[in-house]
There are 2 protein chains.
Amino acid sequence: MNNFSLEGEIVHLEGLRFTPAGLPVLSMRIKHHSKQSEAELSKMVNLEIEAVMIGKLTGSDLALGNKCLFHGFLEKKSLKSNQIIFHITQINK
Amino acid sequence: MNNFSLEGEIVHLEGLRFTPAGLPVLSMRIKHHSKQSEAELSKMVNLEIEAVMIGKLTGSDLALGNKCLFHGFLEKKSLKSNQIIFHITQINK
């Protein structure tokens, strides 16, 4: 299992590009702020994460500042980098 | 919402330490490998993520090489770093 659900705001949105196989790709950065509970204490949590959408989903008419609920999985950016990328596979606007 | 569920193997496990308030903290690194579906294609996904457990959960008798299902939320490591830390709040061994 590798499931991530995040409510957040699009704070950076790149232009549409295409994979060598011709699939549309949209890269963005999502900002999140919430209260979470840990060890019976509540704490304020901040997160900014690089995200990407591939295929039909890129036609979801997203814009800078949109606040959505994003679902998907996490992956290493590349073999050499441990940076984490959120692959979005579903959006609730 | 900020929910992350990951099946993975503990590939690095630090010794127990304590917060200034005396709460036990256990830091580790979790390795994950799975097949995911994206844009109607299936792909092999690799992930290695820094994780932390705070409080009673640190008594879960974990060891290097354990494969578990971890649940929790993601947070920025610090104000100055965008590195992402997985805060584990529940474990299924």
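Remember, predicted model here, so these are calculated numbers, not experimental data.

Draft legend 1. How the structure looks around the pairing of strand E6 (residues 84-92) of chain A. All names here are of chain A. As judged from the three bridges shared by strand E4 (residues 41-54) and E6, these two strands associate in the parallel manner. What sits directly across from alanine 51, in E6, is phenylalanine 86. Bridge count between strand E5 (residues 67-76) and E6: eight bridges; the pairing is antiparallel. Looking at E6, one finds that glutamate 75 is bridged to isoleucine 85.

Draft legend 2. Here's a closer look at the relation of the copies chain B and chain A. Expressed as a screw operation, the relation of chain B to chain A combines 0.0 Å of axial shift with a rotation of 180 degrees, fitting to an RMSD of 0.0 Å. With respect to symmetry, the two chain copies, as superposed, fit the operation of a two-fold axis. Considering only C-alpha atoms, the residue of chain B closest to the rotation axis is phenylalanine 4 of chain B, which sits at 2.2 Å. Interface overlap between copies: 100% of the residues of chain B at the interface are likewise at the interface in chain A, consistent with a symmetric, same-surface contact.

Draft legend 3. Representation of the interface of chain B and chain A in the model. Listed by partner, the interface residues are 35 residues for chain B and 35 residues for chain A. Overall, the association of chain B and chain A removes approximately 3,000 Å² of surface from exposure, summing both partners, and the carbon and sulfur fraction of that is 58%. Our enumeration of links across chain B and chain A arrives at four salt bridges. Between lysine 43 of chain B and glutamate 75 of chain A there is a salt bridge, and its shortest N-O distance comes to 3.0 Å. Our count for the chain B to chain A interface comes out at 14 residue pairs in polar contact (both at pLDDT 80 or more). Looking at the side of chain B that touches chain A, the elements that each hand over two or more residues are strand E1 (2-13), strand E3 (24-38), strand E4 (41-54), strand E5 (67-76) and strand E6 (84-92) of chain B. Considering each element in turn, the side of chain B that touches chain A owes the most residues, nine residues, to E4 of chain B. Counted by class, the side of chain B that touches chain A contains 15 nonpolar, 12 polar and eight charged residues.

Draft legend 4. Seen up close, the environment of lysine 93 of chain A. All names here are of chain A. Looking at where lysine 93 falls in the secondary structure, it is placed in the segment after E6. Considered as a pair, lysine 93 and serine 42 are 51 residues apart in the sequence and their alpha carbons are 27 Å apart. Sequence-distant contacts of lysine 93, defined by excluding residues within four places in its chain, comprise Ser60, Asp61, Leu62, Asn66 and Cys68. At 2.8 Å, the side chain of lysine 93 and the backbone oxygen of serine 60 are in polar contact. Among the polar contacts listed, one links the side chain of lysine 93 to the backbone oxygen of aspartate 61, at a separation of 3.1 Å.

Draft legend 5. Main features of the packing of aromatic side chains. Using the criterion set out here, one finds three aromatic pairs over all chains in the structure. A centroid spacing of 5.7 Å and a plane angle of 85 degrees characterise the contact between phenylalanine 4 of chain A and phenylalanine 4 of chain B, whose relative ring orientation is edge-to-face. With phenylalanine 4 of chain A in strand E1 (residues 2-13) and phenylalanine 4 of chain B in strand E1, this pair bridges two chains. Each member of the pair, phenylalanine 4 of chain A as well as phenylalanine 4 of chain B, is classed as buried. Relative to phenylalanine 86 of chain B, the ring of phenylalanine 4 of chain B lies with its centre 4.9 Å away and its plane at 65 degrees, an arrangement referred to as edge-to-face. Note that phenylalanine 4 of chain B is positioned in strand E1 and phenylalanine 86 of chain B in strand E6, a separation of 82 residues in sequence. Each of the two residues, phenylalanine 4 of chain B as well as phenylalanine 86 of chain B, counts as buried. Members of the aromatic cluster, joined through ring pairs, are Phe4 and Phe86 of chain A together with Phe4 and Phe86 of chain B.

Rules used throughout
Residues numbered from 1 in each chain as written. Chains lettered and ligands numbered in written order. Predicted model: local features only at pLDDT ≥ 70, side-chain atom pairs only at ≥ 80, totals over all residues. Heavy atoms only, no water. Pairing = 2+ DSSP bridges. Helix = DSSP H or I, 4+ residues; strand = E, 2+ residues; numbered from the N terminus. Least-squares fit on C-alpha atoms with pLDDT ≥ 70 in both. Contact = heavy atoms within 4.5 Å. Buried area = accessible area lost by both parts, 1.4 Å probe. Salt bridge = Lys/Arg side-chain N within 4 Å of Asp/Glu carboxyl O. Polar contact = N/O pair within 3.5 Å; in protein donor to acceptor, adjacent residues only side chain to side chain. Nonpolar A, V, L, I, M, F, W, Y, C, P; charged D, E, K, R; others polar. Phe/Tyr/Trp six-rings, centres within 6.5 Å; stacked < 30°, edge-to-face > 60°. Buried < 20%, exposed > 50% of the residue type's maximum accessible area, 1.4 Å probe, protein only.

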